[in-house]
Amino acid sequence: MFLEIDRITKTFRLERRRNQQELRALDDISLDVAEGEFVVICGPSGCGKSTLLRLIHGLQQPDSGEVRVRGVPVREPTLDRGMVFQHHNLMPWRTVARNVELGLEALGRPKAERTMRAGEWLAKVDLEQFATYYPAQLSGGMQQRVGLARALAVDPEMLLMDEPFGALDAQTRVVLQGELERIWEADSKTVVFITHDIEEAIFLADRVIVMSARPGRIVADIPVEAPRPRGDAWRAAPAFAELKGRIWELLQQTAVKEPVT
Ligand SMILES: Nc1ncnc2c1ncn2[C@@H]1O[C@H](COP(=O)(O)OP(=O)(O)OP(=O)(O)O)[C@@H](O)[C@H]1O
């Protein structure tokens, strides 16, 4: 199996004056992801989705269990697992092209190759004309596309996306979902994508993983078998609405009812 998440748990210890509080974020999570698969994780706020993604990336380690890529335990972040966040983290003082070159620089690639690869990726995300702009001169959607190009320019084998379109308006979101599907199809990366948006999950995923409220557990693993490219016809299909209802129901059942004070 390409990516194996094998019975991981993660507890955070919070020091509060003299007493120590423990907060279990993830509880016994196991998940296998095949090479080239597009897996979307959905779950209530605070259920540990970002924590899970950080464990896959290697930014944090689980308390027990293991994350493996091609059978090798993940111990630290590498550029082979590209991260795209809700807030793009572009460097404001670098041009768009030089932001895309960042990972290639870290890999020590020569300038000519960096320029060529950045140009190719900016073309793939439709931003070639903005290569010499600075991030602040772009819209939110364009900035996210630069973030995507930057992650993909190093040719990672996996893309880890933490609500990458969460801060965008609905229309831009839909456009970028279509673009991501197109890029993913052409490049066949393995993607683990986090979202709160059920429609986004059903549009993009080969499988939707539904998590329970904290401590996060996997409560459903739902295949989405619609043919690709999906487009508006899939969004309007009865099967889409049916899946949406099913996932909504699962999320309602797993959500914690906050105590009224
Ligand atoms: N470094 C940390 N130290 C302490 N607690 C943490 C830390 N990181 C996350 N947590 C806690 O772990 C739980 C899960 O957080 P996480 O960010 O993974 O959830 P999430 O599902 O991604 O949430 P959201 O959808 O709101 O972004 C939360 O209760 C959070 O407060």
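Residues numbered from 1 in each chain as written. Predicted model: local features only at pLDDT ≥ 70, side-chain atom pairs only at ≥ 80, totals over all residues.

Q: Which parts of the structure should I look at to understand the sheet that holds strand 8 (residues 190-195)?
A: Hydrogen bonds between backbone atoms are what pair the strands of a sheet, whose relative direction is either parallel or antiparallel. The sheet built from six strands is open, its strands ordered 6-7-8-3-9-10 with mixed pairing. Where the open sheet ends on each side, the last strands, each with one partner, are strand 6 (81-84) and strand 10 (218-223). Strand-to-strand twist of the sheet, defined as the mean angle between neighbouring strand axes without regard to direction, takes the value 15°. Sheet analysis places strand 3 (residues 38-42) next to strand 8, joined by five bridges and oriented parallel. Residue pairing across strands places cysteine 42 opposite threonine 195, the latter belonging to strand 8. Across the sheet, helix 5 (residues 140-153) lies against strand 6 and strand 7 (158-162), angled at about 175° from strand 6, the strand it touches most. Contacts from helix 9 (residues 238-254) reach strand 3, strand 9 (207-211) and strand 10 within the one sheet, and its direction differs from that of strand 10 by about 175°. (Pairing = 2+ DSSP bridges. Helix = DSSP H or I, 4+ residues; strand = E, 2+ residues; numbered from the N terminus. Axes fitted to C-alpha atoms, helices over the stretch in contact; angles between N-to-C directions. Contact = placed C-beta atoms within 7 Å.)

Q: Even after reading the chapter, I still don't get the pairing of strand 3, so can you show me in this structure?
A: For a regular strand, side chains alternate in direction, first toward one face of the sheet and then toward the other. Of all five residues that make up strand 3, five are buried, and the element is covered over most of its length. Side chains of strand 3 alternate between two faces, with Phe38, Val40 and Cys42 and Val39 and Ile41 buried alike. Relative to strand 9, strand 3 runs parallel, the two being bridged by four bridges. Opposite valine 40, over in strand 9, you have valine 208 as the bridge partner. (Buried ≥ 20, exposed ≤ 12 C-beta atoms within 10 Å, placed from the backbone.)

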